[in-house]
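Structural features, examined
The residues making up each chain are set out below.
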Number of protein chains: 2
Amino acid sequence: MKIAILKERRAQETRVAASPESVKKLVGLGIEVAVEKGAGTGAAFTDSAFKEAGAEIAGNAAAALKDAALVLKVRGPEAKEIGDLPKGCLLAAILDPYRSLEEMKALAEAGVTAFAMDFMPRITRAQSMDVLSSQANLAGYKAVVDAAAEFGRAFPLMMTAAGKVAPAQVLVMGAGVAGLQAIATAKRLGALVSATDVRPAAKEQVESLGGKFVAVEDEEFKQAESAGGYAKEMSDAYKQKQAQLIAETIKKMDVVITTALIPGRPAPCLVTTEMVKSMKPGSVVVDLAIDNGGNVEASEAGKVAVKHGVKIVAYNNLPGRLASDTSMLYANNLFNFVALLYDKETKDLAVDWNDEIVKGTLIAKDGKIVHPALEKLEPVT
Amino acid sequence: MKIAILKERRAQETRVAASPESVKKLVGLGIEVAVEKGAGTGAAFTDSAFKEAGAEIAGNAAAALKDAALVLKVRGPEAKEIGDLPKGCLLAAILDPYRSLEEMKALAEAGVTAFAMDFMPRITRAQSMDVLSSQANLAGYKAVVDAAAEFGRAFPLMMTAAGKVAPAQVLVMGAGVAGLQAIATAKRLGALVSATDVRPAAKEQVESLGGKFVAVEDEEFKQAESAGGYAKEMSDAYKQKQAQLIAETIKKMDVVITTALIPGRPAPCLVTTEMVKSMKPGSVVVDLAIDNGGNVEASEAGKVAVKHGVKIVAYNNLPGRLASDTSMLYANNLFNFVALLYDKETKDLAVDWNDEIVKGTLIAKDGKIVHPALEKLEPVT
């Protein structure tokens, strides 16, 4: 059985769907691996490192794809790439299906069996294949590094002979995987860190990392906190009080990092232009959700924009800005997924179509879109 | 008595010679302070913040300079600015005298009494005026932030469901003020940090920050270490063994930060192109000494150059990349220096020309270059 690793075609996509380490493990299972020439350049993985790991280096995409049973990519193929995929092959990538319905249909029509790694069910058994977590974790780290790079001051408290440098005040909005890593990284660098989340239960996690949870802690909050998880939406009255507290908090911040995403929907607006105007000159806002429309009203995708004296950092594809590590973890995620689809005895694919992980990620099969979440959005005949 | 704070004219100079805090303290001594409009923009100090602190905002340099007894700047004035200085005024700035002899002569000829803050004697009493230390400290921090921003991987060890992210291996070359802060910052971010210095006595300081000191620890080293300080130059045989160890160490590093300066002379070359070639693809080298010619053979001033798969980061004016904090500390240094030159009773300048600090920093007076270090280099008649 042959696996093809293609060079990514999308702009600014520096990652690659394999590492020398993952290639070695795939080859160890008896799989033939072809890596397109130069596929790892953006992640600092050389062709020779892939070759040493046991891959064949293919001179171009067509050579890599020839007779491949499974194609691994980071991002879903663009329309013009889809026709090049071998008829009947399997494809695993971050397909972003909700916003790529046309491409999903094209994949189905091309006879590709397509798996969206970003639809990985959030169950214990699938943790090692959870690409959203592996990429968000490093994106959270990188957001803080970007903030520190753009900020005209230092993060840590410094006591010097020339006076005291005050620590930076950092607010992280959204305490998911990316937010928690952002809190941890900002703490490491010596900042004073606060965080917010719509889930009162996030308070404990934020505090365990040394962050201060910013919330109106009334009776309603306390009940929601002890109920845990996504249990119950807060009342409008509570939301209003909380919004006011956050607006007041943002005024005092040096750095705000926003990380809020809603699956299948545009990212919510957390920082309005009014709020930006209330911040001190020289402050920095990092919008980690820009690829999904952004959490910051004033964001300009792909840019560092200065608005009202505040730097708004909205780099696209934050995981791609840390391509060596994100590729390495993504490649591990894919290896674990491939191991699930593969039979070591027969040395061939042996997909259990009833497996929860397979069902959760399967988008297109036998010429049709098969994922229930997409059928509802856009029926395919 | 009036002090003028000018906007900096040199390219990429974002710092300013005052902060709202230092202005407030100067005004508190009964000094009139004029700040040129927009002087603080690069440091995120607004005109209104200076005004609130008690400064007069002057519409242009000429208005700020009118009747000023003392002019404070970050960098020495360029030739065309010197003629604008009031005859007989005092000037305090980072004059970089060794490399600016023409400007020093022009200052003398213009009748300016010029103090080089970068010639501050390294004595206990002058610590609060030591601009090289205050700026180098933050430059060391910024060098690590820049390295982290350019590096395609994370600094800390991360244990994730998708596998382990190894900590970055960072080598800091030169354990002066900048080097020690670089070690501390890289440690904060979770890297494995090593350091080198030509002074065996630096071992203790490096280790106290959690760094590993890289040195051939033979008998000669141990004697030099216990002798302490700059006591004795090492033998050629030792230097050769040490150079070999460092070359071997660099091969294994992800990040190398060089911080070696020699006062009055070009920076020494620490990282040859051969060494860069020996590094892993995706590694990062930060040359903190680029303004003095650089420690890295392959550096391109002002740029991030990719050579042999390694990123060579050689931004000019690293302190200027952290302008709010460096300006704040520099302004404190200047305030302490002004307090030394000023008599609170008479509310006027009262310079003790025999003071060690005054003598150490005084470059030009009464139409002549007067500093012994410069007279030797270039006699002025």
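As a reminder, the structure under discussion sits directly above these lines.
In this report, the structure presented in the accompanying data block is examined. (Residues numbered from 1 in each chain as written. Chains lettered and ligands numbered in written order. Predicted model: local features only at pLDDT ≥ 70, side-chain atom pairs only at ≥ 80, totals over all residues. Heavy atoms only, no water.)

**Things to note about the interface of chain B and chain A**
Heads up, the condition is: Pairs of residues are marked as contacts when any of their non-hydrogen atoms sit within 4.5 Å. By buried area we mean the combined loss of accessible area, with a 1.4 Å probe, across both parts when two parts are placed together. The salt bridge criterion pairs a side-chain nitrogen of Lys or Arg with a carboxyl oxygen of Asp or Glu, the two atoms within 4 Å. Any pair of N or O atoms that falls within 3.5 Å is considered a polar contact. Within protein, one atom must be able to donate a hydrogen and the other to accept it, and sequence-neighbouring residues count only if both atoms are side-chain atoms. Only DSSP runs of H or I reaching four residues or more are called helices, and only runs of E reaching two or more are called strands; each is numbered from the N terminus.
Listed per partner, the contact involves 42 residues of chain B and 42 residues of chain A. Between chain B and chain A, roughly 3100 Å² of surface is buried when both sides are summed, and carbon and sulfur atoms account for 62% of that area. Looking at the side of chain B facing chain A, the largest losses of area belong to Y141, A162 and R188 of chain B, adding up to 20% of the total buried there. At the junction of chain B and chain A, the tally comes to two salt bridges. Where chain B meets chain A, there are 14 residue pairs in polar contact (both at pLDDT 80 or more). Contributions of two or more residues to the side of chain B that touches chain A are made by helix 6 (131-150), strand 7 (158-160), strand 8 (163-165), helix 7 (177-188) and helix 12 (323-341) of chain B. Looking at which element gives the most residues to the side of chain B that touches chain A, the answer is helix 6 of chain B, with eight residues.

**What to know about the packing of aromatic side chains**
The following threshold applies: Here a Phe, Tyr or Trp ring, Trp counted by its six-membered ring, pairs with any other such ring whose centre lies within 6.5 Å, and the pair is stacked when the planes are under 30 degrees apart, edge-to-face when over 60, and tilted otherwise. Only protein chains enter the accessibility calculation, which uses a 1.4 Å probe; a residue whose area is less than 20% of its type maximum is buried, one above 50% is exposed, and one in between is partly exposed. By definition here, charges over rings are those cases where NZ of Lys or CZ of Arg is within 6 Å of the ring centre and within 35 degrees of the ring normal.
The final tally for this structure, using the stated rule, is 14 aromatic pairs over all chains. Taking 5.3 Å as the distance between ring centres and 75 degrees as the angle between the ring planes, the aromatic pair formed by F115 of chain A and F337 of chain A counts as edge-to-face. With a gap of 222 residues between them, F115 of chain A in strand 6 (residues 113-116) and F337 of chain A in helix 12 (residues 323-341) connect regions that are remote in the sequence. Each member of the pair, F115 of chain A as well as F337 of chain A, carries the same accessibility label: buried. A ring pair is formed by F115 of chain B and W353 of chain B, whose centres lie 6.4 Å apart and whose planes are at 5 degrees; its orientation type is stacked. Highlighted residues: F115 of chain B in strand 6 (residues 113-116) and W353 of chain B in the loop between strand 17 (348-349) and helix 13 (356-361), separated in sequence by 238 residues. Note that R321 of chain A overlies the ring of Y315 of chain A, its terminal NZ or CZ placed 3.7 Å from the centroid. It is K365 of chain A that lies over the ring of W353 of chain A; its NZ or CZ is 4.3 Å from the centre.

**Things to note about the sheet that holds strand 13 (residues 284-287) of chain A**
Residue and element names in this part refer to chain A. The cut-off we apply is this: Following DSSP output, two strands are said to pair if at least two bridges run between them.
Taken together, the seven strands give an open sheet; going across it, the order is 11-10-9-12-13-15-14, and neighbouring strands pair in mixed fashion. Both edges of this open sheet fall to strand 11 (212-213) and strand 14 (303-307), since each of them pairs with a single strand only. Where strand 9 (residues 169-173) lies against strand 10 (residues 192-196), five bridges are found, and the strand directions are parallel. Bridge pairing in strand 10 places Q169 opposite L192.

**As for the pairing of strand 18 (residues 362-365) of chain B**
All names here are of chain B. Two strands pair when backbone bridges link them, and strand 6 and strand 18 are joined in this way by two bridges, in the antiparallel orientation. Across the sheet, F115 pairs through a bridge with L362, a residue of strand 18. Here two bridges tie strand 18 to strand 19 (residues 368-369), and the two strands are oriented antiparallel to one another. The partner of K365 across the bridge, within strand 19, is K368. Counting the residues that bridge the hairpin from strand 18 to strand 19 gives two residues, and of these D366 lies at a positive phi of roughly 50 degrees.

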